[in-house]
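# Observations on chain architecture
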Amino acid sequence: MSKPEENIKQTSLYNLHIANGGRMVDFCGYSLPIQYSGIVKEHIHTRNSASLFDVSHMGQIIITGGDFVSMAKALEVLIPADILSLKPSEMRYSVLLNEGGGIIDDLIITRDAKDLAIFIVVNAATKENDFAILQKGLAGDFDIKLEMGKSLIALQGPKAAQVIKKYSSIANELVFMTSGYANIAGFETYISRSGYTGEDGFEISVADEDALELAKILLENEDVEFAGLGARDSLRLEAGLCLYGHDMNEEIDPISASIIFAIGKRRREEGGFVGFEKISSILANGVEQKRVGVIFDGRMPVREGAEIVDEQGQKIGHVTSGSFSPILEKPIAFAYVPKTLSKIGNSVIAIVRGKQVLGTIVKMPFIAQNYLRSH
Amino acid sequence: MSETKYSTDHEYIRLEAEVGVVGISTYAQEQLGDIVYVELPNVGAKLSKGDEVAVIESVKAASELYSPVSGEVVEVNEALNDEPALVNSDAQGGGWIFKISLSDKSELDEMMDEATYTSHTS
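Since we're looking at a predicted model, the values are computed, not measured. (Residues numbered from 1 in each chain as written. Chains lettered and ligands numbered in written order. Predicted model: local features only at pLDDT ≥ 70, side-chain atom pairs only at ≥ 80, totals over all residues. Heavy atoms only, no water.)

This part covers the overall build of chain A. Counting its regular elements, chain A contains 10 helices and 20 strands. Over its C-alpha atoms chain A spans a radius of gyration of 21 Å, differing by no more than 12% from the 21 Å that the globule rule assigns to 375 residues. Across chain A, contacts joining residues at least 24 apart in sequence account for 65% of those joining residues at least 6 apart. With an accessible surface of roughly 16000 Å², chain A has 50% of that area assigned to carbon and sulfur atoms. With 38 positive and 48 negative side-chain charges, chain A shows a spacing of 5 Å between the two charge centroids. (Helix = DSSP H or I, 4+ residues; strand = E, 2+ residues; numbered from the N terminus. Rg over C-alpha atoms; globule rule 2.2 N^0.38 Å. Contact = heavy atoms within 4.5 Å. Areas by Shrake-Rupley, 256 points an atom, 1.4 Å probe, with all protein chains shown as cover. Lys, Arg positive; Asp, Glu negative; His and termini not counted. Charge placed at Lys NZ, Arg CZ, Asp CG, Glu CD.)

Here you go:
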């Protein structure tokens, strides 16, 4: 019943996942653990301590071959972030847009701490397409490659920094959305203070041949446990963070998706990026629908695909991500609803298996983000 | 207490004073992971074997529970409304889901016994 697994890639940590009881699934062409001991346990451990995630399936793109300003200017045609204002080591969240202002992918751009490159981390399912778009856009003026020899491991949680400090002083220097080169336990890495859980934490890019040993060393810390894709998803949902292909896609613009911060303020005025015409018109005229956070009554999860209806039962929106929050112990979800009904405190009705479930629109994130913004 | 029987969908049933106690197997709860919600059937619901009777939801997904036999629901485990994790901690004890008055006890003969089920899941 399952397909032959010959086309499914294994990450450098594959054997370690198996040894730790990882329940492996095919995720974007990679065999990755959905969970080890249990999603809720891993989720809560991340909120209280530190968890190690294998995110090597993500695409790591490296652009070199020019000075920063010329590379940034070329990228700003494709990406609506204010890339030029990045200082060495700084990172920014943004998106790739189509001409209609729809989101092709979301991504993180980093200005190399040594200022020799620009790094972009993109989603696994979209990395080939993103790479093709960027390559075409840079039109041979710079060197661009999709890194094939690097793993990416994330250490997330309030105790992540004290773990990293045991191996490198860089944890004393980095604040949220900054990065640098560091030798961690004998391995050369590029480490950033960022993540997808809402917690303080790090993402560590390391050579494939070193990744397994580094992961083992990090896991030797009593505060560190493995966490899988299941916890990653429930953590990002609580943290209010979008998942590409679910909460956003090529039909949805960043303003509707409530991620307007993906478009730099200067860029909203100046334009000069793919999709600007449409974005500019949306900024002037407003959006029809908007992504909101909803907490539902009771305990029944309201999941992706559930309809949002008005009091007459007419469909007015839909849920794009939803689960049961292990921290709030309530069903939480992202839903698209008409802008006119999107105010905090408004009631919404979702339909699950033919039954109505009442919810309330709340401010996102659902739980406070725990980022280190200064030392 | 009678012998516990298992379906290929990992439901169990055991007879207690002529009433069938139904839930999901210990193996099944392990596969589902942390259970956060159980949608219980209505008492009085008339079921045919194989009917969808309840929904068990983990953080990750919703899974349907199918009635392993035909009959009428006579009781549901209200404790699961407040503590669905009982299905994880005590699937074949306190984590039972509903009780059914069987209309055709011969349906039990088609189900797996403990030894067959154990080899089926290993």
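This next bit is on the sheet that holds strand S10 (residues 150-156) of chain A. Residues and elements named next belong to chain A. Strand order in the open sheet made by the six strands is S11-S12-S13-S10-S4-S14, with mixed pairing throughout. The strands lining the two open edges of the sheet, one partner per strand, are strand S11 (179-184) and strand S14 (224-226). For this sheet the average axis-to-axis angle between neighbouring strands, irrespective of direction, equals 30°. By the bridge criterion, six bridges tie S11 to strand S12 (residues 187-192) in an arrangement that is antiparallel. If you follow Ala182 over to S12, its bridge partner there is Thr189. (Pairing = 2+ DSSP bridges. Axes fitted to C-alpha atoms, helices over the stretch in contact; angles between N-to-C directions.)

Here we come to the sheet that holds strand S1 (residues 9-10) of chain A. Residues and elements named next belong to chain A. If you walk across this open sheet you meet the three strands as S1-S3-S2, and the pairing is mixed. A strand with exactly one partner marks an edge of an open sheet, and here the two such strands are S1 and strand S2 (23-27). Relative to strand S3 (residues 30-35), S2 runs antiparallel, the two sharing five bridges. Residue pairing for S3: Phe27 is matched across the bridge by Tyr30.

Right, let's talk about the interface of chain A and chain B for a bit. Listed as interface residues are 18 residues of chain A and, on the opposing side, 17 residues of chain B. A combined buried area of about 1400 Å² lies between chain A and chain B, and 48% of that area is made up of carbon and sulfur atoms. Broken down residue by residue, the surface that chain A buries against chain B is led by Arg299, Arg303 and Arg353 of chain A, which jointly contribute 40%. In this assembly, chain A and chain B are joined by five salt bridges. Salt-bridge contacts for Glu39 of chain B lead to Arg353 of chain A; the nearest nitrogen and oxygen are separated by 3.0 Å. Between the two partners, chain A and chain B, sit 14 residue pairs in polar contact (both at pLDDT 80 or more). At the level of secondary structure, the elements contributing two or more residues to the side of chain A that touches chain B comprise S3, helix H2 (39-48), helix H8 (229-238) and strand S17 (315-325) of chain A. Looking at the side of chain A that touches chain B residue by residue, the classes come out as six nonpolar, five polar and seven charged. (Buried area = accessible area lost by both parts, 1.4 Å probe. Salt bridge = Lys/Arg side-chain N within 4 Å of Asp/Glu carboxyl O. Polar contact = N/O pair within 3.5 Å; in protein donor to acceptor, adjacent residues only side chain to side chain. Nonpolar A, V, L, I, M, F, W, Y, C, P; charged D, E, K, R; others polar.)

All names here are of chain A. What the rule picks out here adds up to eight aromatic pairs over all chains. With a centroid separation of 6.2 Å and an interplanar angle of 15°, the aromatic rings of Phe334 and Phe366 are classed as stacked. Pair noted here: Phe334 is in strand S18 (residues 330-338) and Phe366 is in the segment after strand S20 (355-362), with a separation of 32 residues, a long-range link. Of the residues examined, Phe334 reaches a relative accessible area of 0% and is grouped as buried. The rings of Phe119, Tyr181 and Tyr190 are connected pair by pair, giving a single aromatic cluster. Taking NZ or CZ as reference, Arg111 lies 3.6 Å from the ring centre of Phe68, over its face. Sitting above the plane of the Tyr181 ring, Lys114 keeps its charged end 4.1 Å from the centroid. (Phe/Tyr/Trp six-rings, centres within 6.5 Å; stacked < 30°, edge-to-face > 60°. Buried < 20%, exposed > 50% of the residue type's maximum accessible area, 1.4 Å probe, protein only. Lys NZ or Arg CZ within 6 Å of the ring centre and 35° of its normal.)

Below, the discussion takes up helix H7 (residues 208-219) of chain A. Residue and element names in this part refer to chain A. Look at H7: 17 Å from first C-alpha to last across 12 residues, which is about the 16 Å you get at 1.5 Å a residue. Within the span of H7, buried status applies to Ala211, Leu214, Ala215, Leu218 and Leu219. Along the axis of H7, the buried residues cluster in a sector spanning 125°; they form a single face. (Expected span 1.5 Å × (residues − 1). Arc of directions from axis to C-beta.)

Let us look at the pattern of salt bridges. Pairing between side chains of opposite charge can happen when the charged atoms of each approach one another. Residues and elements named next belong to chain A. Applying the stated criterion across every chain, the model contains 23 salt bridges over all chains. Across the pair Arg267 and Glu76 runs a salt bridge whose closest N-O atoms are separated by 3.6 Å. Separated by 191 residues along the polypeptide, Arg267 in helix H9 (residues 265-270) and Glu76 in helix H3 (residues 68-76) bring together distant segments of the chain. For Arg267, a relative accessible area of 2% translates into the label buried. Between Asp82 and Arg266 there is a salt bridge; the shortest N-O distance is 2.7 Å. Within this pair, whereas Asp82 is found in the loop between H3 and strand S6 (91-97), its partner Arg266 is found in helix H9, the two being separated by 184 residues in sequence. When its relative accessible area of 24% is taken as the criterion, Arg266 is described as partly exposed. Each member of the salt-bridge network shares a partner with another, and the members are Glu76, Asp82, Arg266, Arg267 and Glu270.

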